[in-house]
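Read off the chains here:
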Amino acid sequence: MRPIRLGVLASGRGSNLQAIIAAIEANKLDATIAVVVSNKQDAVALERAQRHGIKGIFLNPKSVVGEPDPRMAYDQKILEVLIEHDIQLVLLAGYMKIVTSVLIDAYRWRMMNIHPSLLPSFPGLNAQQQALDAGVKVSGCTVHFVTEGVDEGPIILQASVPVNESDTVASLSARILEQEHQLFPRAVQLFAEGRLSVEGKKAKRLENAS
Ligand code: GRF
């Protein structure tokens, strides 16, 4: 089986990107990262890509200022990069921009996001703080397909962690992050094996590889 070609969009430290790289290097993931794209020039994710011989591209959001719809124009630029690199699956790995229909339509059920809560609880920013504020006793992370609603698409995999009385955002985030690093590569591997399908609002896991 040929490894699937991944395109990763990342804005920050890129620890999830690193987990994907590690899974590939350990032969646990039948994939190759063809390109990493960032909207932040100083994203650590770009450094990580470089360190592993992966092409990293900074696309400056300022380059679309003045366009009739800058967000869509920006996504169009990303799309061009993804097509140019023959990308089969797009991963949002700490990508801090809301993607538009330009990318969502082109990569319907072929774009995944990782979010640090058990969706549908606590979508959007500061999910760990939201969990602490709500006093939940369990939280976790979710990998889902990206749709128009922020953090709303079909859920592929989830992992839970306990929330302790003494938790801070930092301690809870660290506990969740450990799970994120396991979960994202697993979700990508399911995709690579052709074992994911979407029916209505639900993502389903097929038992047999296609
Ligand atoms: C993670 O917590 C992820 O769930 C969220 O943004 C964070 C990214 O972290 N979407 P990193 O850049 O992968 O280290």
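The shown structure was predicted, so the numbers you read here are calculated from the model rather than taken from an experiment.

Here we come to helix 3 (residues 70-84). Over its 15 residues, helix 3 runs 21 Å from end to end, which matches the ideal 21 Å to within 8%, given 1.5 Å per residue. Residues Ala73, Tyr74, Asp75, Ile78, Leu79, Val81 and Leu82 constitute the buried set of helix 3.

Approximately 880 Å³ is the volume found for the largest pocket. Along the wall of the largest pocket there are 35 residues; nearest its centre are Gly94, Tyr95, Met96, Ile114 and Pro116. Ranked by the residues each element gives to the lining of the largest pocket, the list is headed by helix 6 (residues 169-192), at four residues. Here the residues of the lining of the largest pocket are counted per class, giving 15 nonpolar, 14 polar and six charged. There is about 230 Å³ of room inside the second largest pocket. Every residue lining the second largest pocket is listed: Trp109, Leu119, Pro120, Pro123, Thr147, Asp151, Glu152, Gly153, Pro154, Ile155, Gly200 and Lys201. Here the lining of the second largest pocket is composed, by residue class, of six nonpolar, three polar and three charged.

Moving on to the sheet that holds strand 5 (residues 111-115). With respect to topology, seven strands assemble into an open sheet ordered 3-2-1-4-5-6-7, the strand pairing being mixed. Among the strands making up the open sheet, the edge pair consists of strand 3 (56-58) and strand 7 (155-162). Recorded for the sheet is a direction-independent mean angle of 20° between the axes of neighbouring strands. Here four bridges tie strand 5 to strand 6 (residues 138-145), and the two strands are oriented antiparallel to one another. Looking at strand 6, one finds that histidine 115 is bridged to threonine 142. This element, helix 1 (residues 15-25), spans strand 1 (4-9), strand 2 (31-38), strand 4 (89-92) and strand 5 of the sheet and lies at about 160° to strand 2.

Okay, the pairing of strand 4 next. Taking every second residue as pointing to the same face, both faces of strand 4 are buried, with Leu89 and Leu91 on one and Val90 and Leu92 on the other. Where strand 1 lies against strand 4, four bridges are found, and the strand directions are parallel. The residue bridging leucine 6 from the neighbouring strand is leucine 89, located in strand 4. Direction of pairing for strand 4 relative to strand 5: parallel, over a ladder of three bridges. Bridging from a neighbouring strand, leucine 91 pairs with methionine 112 of strand 5.

Quick look at the side chain of glutamine 189 now. For glutamine 189, the location among the structural elements is in helix 6. For glutamine 189, a relative accessible area of 13% gives the class buried. Within the local environment of glutamine 189, its side chain forms a polar contact with the side chain of glutamate 193, the two groups lying 2.7 Å apart. If near-sequence neighbours (up to four positions away) are discounted, glutamine 189 is found in contact with Lys28, Leu29 and Asp30.

Once that is clear, we can look at the site of the ligand. Residues in contact with the ligand, as listed here, are Arg13, Gly14, Ser15, Asn16, Gly94, Ile114, His115, Pro116 and Glu180. The separation between an oxygen atom of the ligand and a polar side-chain atom of serine 15 is 2.6 Å. The contact in question runs from an oxygen atom of the ligand to an N or O atom on the side chain of glutamate 180, over 2.8 Å. Coverage of the ligand by the protein amounts to 87% of the 370 Å² it exposes when considered alone. A molecule is said to occupy a pocket when more than half its atoms come within 2 Å of that pocket's grid points, and by this definition the ligand occupies the largest pocket. Elements with a contribution of two residues or more to the shell around the ligand: helix 1 and strand 5. Residues of the shell around the ligand, tallied by class, amount to two nonpolar, five polar and two charged.

Turning to the environment of alanine 26, a few remarks are in order. Within the secondary structure, alanine 26 sits in the loop between helix 1 and strand 2. Take alanine 26: its relative accessible area is 42%, and that puts it in the partly exposed class. Linking alanine 26 and serine 63, residues 37 residues apart in sequence, is a C-alpha distance of 38 Å.

Definitions and limits used
Residues numbered from 1 in each chain as written. Predicted model: local features only at pLDDT ≥ 70, side-chain atom pairs only at ≥ 80, totals over all residues. Heavy atoms only, no water. Helix = DSSP H or I, 4+ residues; strand = E, 2+ residues; numbered from the N terminus. Expected span 1.5 Å × (residues − 1). Buried < 20%, exposed > 50% of the residue type's maximum accessible area, 1.4 Å probe, protein only. 1 Å grid on protein atoms, 1.4 Å probe; cavity = no way out; pocket = protein on both sides within 12 Å on 5 of 7 lines; lining within 4 Å. Points joined across faces, edges and corners; volume = space filled by probe spheres on them. Nonpolar A, V, L, I, M, F, W, Y, C, P; charged D, E, K, R; others polar. Pairing = 2+ DSSP bridges. Axes fitted to C-alpha atoms, helices over the stretch in contact; angles between N-to-C directions. Contact = heavy atoms within 4.5 Å. Polar contact = N/O pair within 3.5 Å; in protein donor to acceptor, adjacent residues only side chain to side chain. Near = heavy atom within 4 Å. Areas by Shrake-Rupley, 256 points an atom, 1.4 Å probe, with all protein chains shown as cover. Sits in = over half its atoms within 2 Å of the grid points.

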